[in-house]
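# A closer look at the structure
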Amino acid sequence: MNRIRLSLPRRQWATYQHQDLLHDAIVNALIAAGATPEQVIGAGAEAWTFAALGYHRAQEGQVHGLVISTPSSVLAPYLTALEPSAVRYARASTGELLDFSTASVALEPPPVCTDPGMLGVLALSPIAISEPGAKQKRWLTQLDQVDLAAVANARLSKIAGRSVTLTVQPDSLYLRANPKHSVLVSTKRLRNGRAAFVIGMQAPLVLAGSREDLLLAWYAGLGEKTRNGFGCLGLAEQGVGR
């Protein structure tokens, strides 16, 4: 397990249009640090996730920091060895250039929690969950549409190779005040020129369970498409921060 945060200097931002630019830049950096392509991309890749810290305006994202996290003992050393200068990617077809070479890197310690215990968390990147049993992929737009604990435990159990039994509860007051808590994320530009999108959901959550399971969720993230920058968690008490 390992987790790092890359932070650009104050008043400095990186821009992007599609989230796959961030993904590809991080993949390049992990491979430069010693990981093999098969360990970070593809169906058999190790579990990892990331979050872009910043905001969107119109069709452009502005990011001042990246959180990269993994529960994998295989990828953990490569996160420690990751160089900010390798988090750089250019794409001529969309005119995008992401450059984190001036960023500082800090290891993020695990949250302090009892055993068993609880964690109040935020979705630093939207949680993507598709409708169960749907013939065509449909992304859910409300967290109360799904048994979040069942979805989370199924994926985390697969990652850990053991039974994970967390309780996952969205903040009830937040859901009442923010019934629309989904966000449309542009993931990539298709060959026909159109953009591909994933719908994710953002809300404070309370996780409860064993310390081992809580830390697994903290490092692995929740939901689907985590390696593409969805479901990365942060502590609610710390907020997003700069």
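The notes below deal with the structure included here. For every chain, the first residue of its written sequence is number 1, and the numbers climb from 1 along that sequence. Reporting in this predicted model follows two pLDDT cut-offs: at least 70 for local features of residues, and 80 or more for side-chain atom pairs to be given and counted; totals over whole chains, interfaces and linings ignore these cut-offs and use all residues. The basis for the side-chain values is all heavy atoms of the structure; hydrogens and waters are excluded.

### Overview of the layout of surface pockets
Summary: where empty space remains is shown by rolling a probe the size of a single water molecule over the atoms. Of the pockets and cavities examined, the largest pocket occupies roughly 540 Å³. Taken together, 27 residues make up the lining of the largest pocket; nearest its centre are Tyr16, Tyr55, His56, Val183 and Val185. Listed by contribution, the elements that provide at least two residues to the lining of the largest pocket are strand S3 (49-57), strand S4 (60-70), strand S8 (117-123) and strand S10 (182-189). Only DSSP runs of H or I covering at least 4 residues are called helices, and only runs of E covering at least 2 are called strands; the numbering of each starts at the N terminus. In terms of residue count, the dominant contributor to the lining of the largest pocket is S3 (seven residues). The rule is simple: put a 1 Å grid over the protein atoms alone, call a set of points where a 1.4 Å probe fits but cannot get out a cavity, call an open set with protein on both sides within 12 Å along at least five of seven lines a pocket, and count a residue as lining if it has an atom within 4 Å of a point. Grid points are joined across faces, edges and corners, and a volume is the space filled by probe spheres set on the points.

### Brief notes about the nonpolar core
Nonpolar cores are built from buried Ala, Val, Leu, Ile, Met, Phe, Trp, Tyr and Cys residues. Side-chain atoms within 4.5 Å join them into one set. Exposed residues in this analysis have more than 50% of their type's maximum accessible area, buried residues have under 20%, and partly exposed residues fall in between, with area computed by a 1.4 Å probe over protein chains only. Core analysis: the largest hydrophobic core is formed by 30 residues, its most contacted members being Ile129, Leu156, Leu166, Val168, Leu205, Leu207 and Leu222. When residues in this core are grouped by element, the largest group, six residues, is from helix H6 (residues 211-220).

### Considerations on the sheet that holds S8
DSSP calls a pair of strands paired once it identifies at least 2 bridges connecting them. On the basis of which strands lie adjacent, the open sheet formed by four strands has the order S9-S12-S8-S13 and antiparallel pairing. Here the strands that pair on one side only, and so sit at the sheet edges, are strand S9 (167-170) and strand S13 (233-235). Pairs of neighbouring strands in the sheet enclose a mean axial angle of 35°, with direction left out of account. Strand contacts of helix H4 (residues 148-160): S9 and strand S12 (205-209), with the helix running at about 135° to S9, the strand carrying the most contacts. Whether two residues are in contact is decided by their heavy atoms: any pair within 4.5 Å suffices. Fitted lines through C-alpha atoms serve as axes, helices being fitted only where they are in contact, and the angles separating the N-to-C directions of these axes extend from 0 to 180 degrees. Running over the sheet, H6 touches S8, S12 and S13 and is turned about 140° from S12.

### Examining the pattern of salt bridges
By definition, a salt bridge exists where a carboxyl oxygen of Asp or Glu is found within 4 Å of a side-chain nitrogen of Lys or Arg. Summed over all chains, the structure comprises nine salt bridges. Residues Glu131 and Arg138 are paired through a salt bridge, measuring 3.6 Å at the closest nitrogen-oxygen approach. By relative accessible area, which is 53% here, Arg138 ends up exposed. The residue Glu224 makes a salt bridge to Lys137 at a minimum N-O spacing of 3.3 Å. Highlighted residues: Glu224 in the loop between H6 and S13 and Lys137 in the loop between S8 and H4, separated in sequence by 87 residues.

### Section: the side chain of Ser186
Along the chain, Ser186 turns up in strand S10. A polar contact is formed between the side chain of Ser186 and the side chain of His18, at a distance of 2.6 Å. Excluding residues that lie within four positions of it along the chain, Ser186 makes contacts with Gln17, His18, Gln19, Ala195, Ala196 and Phe197. For this analysis, a polar contact is any N or O atom pair within 3.5 Å, provided that within protein one partner can donate a hydrogen and the other can accept it, and provided that sequence-adjacent residues contribute only side-chain to side-chain pairs.

### Describing the state of the cysteines
When the sulfur atoms of two cysteines come within 2.5 Å, that pair is taken as a disulfide. Per the counting criterion, the structure on display carries zero disulfides. In this model Cys113 remains outside any disulfide bridge; the closest cysteine sulfur is found in Cys232, 16 Å from its own.

### Some remarks on the environment of Ala14
Summarising the element assignment, Ala14 is placed in strand S2 (residues 14-16). Look past the residues within four positions of Ala14 in its chain and what remains in contact with it is Leu8, Gly61, Gln62, Val63, Leu98 and Phe100.

### Section: the pairing of strand S6 (residues 96-99)
Here S6 shows a buried face lined by Glu96 and Leu98 and an unburied face lined by Leu97 and Asp99. As defined by bridge partners, strand S5 (residues 88-91) adjoins S6 across four bridges and the pair is classed as antiparallel. Looking at the pairing, Tyr89 lines up with Leu98 of S6. In textbook terms, the turn of a hairpin is the stretch between consecutive antiparallel strands, and for S5 and S6 this stretch comprises four residues, one of which, Gly95, has a positive phi near 70°.

### Focus: the packing of H4 against H6
H6 packs onto H4 with a crossing angle of 95° between their chain directions and a minimal axis gap of 11 Å. Taken as axis vectors, H4 and H6 run roughly perpendicular relative to one another. Residues Arg155, Leu156, Ile159 and Ala160 of H4 lie in contact with H6, whose contacting residues are Leu216, Ala217 and Ala220. Partitioning the contact of H4 with H6 into residue classes produces six nonpolar, no polar and one charged. Angular relationships are summarised with four words: roughly parallel below 35 degrees, roughly antiparallel beyond 145, roughly perpendicular across 65 to 115, and oblique for the angles in between. For this scheme, ten residues count as nonpolar: Ala, Val, Leu, Ile, Met, Phe, Trp, Tyr, Cys and Pro. Four count as charged, namely Asp, Glu, Lys and Arg, and the remainder, Gly too, count as polar.

Read these as spatial facts, not as claims about activity.
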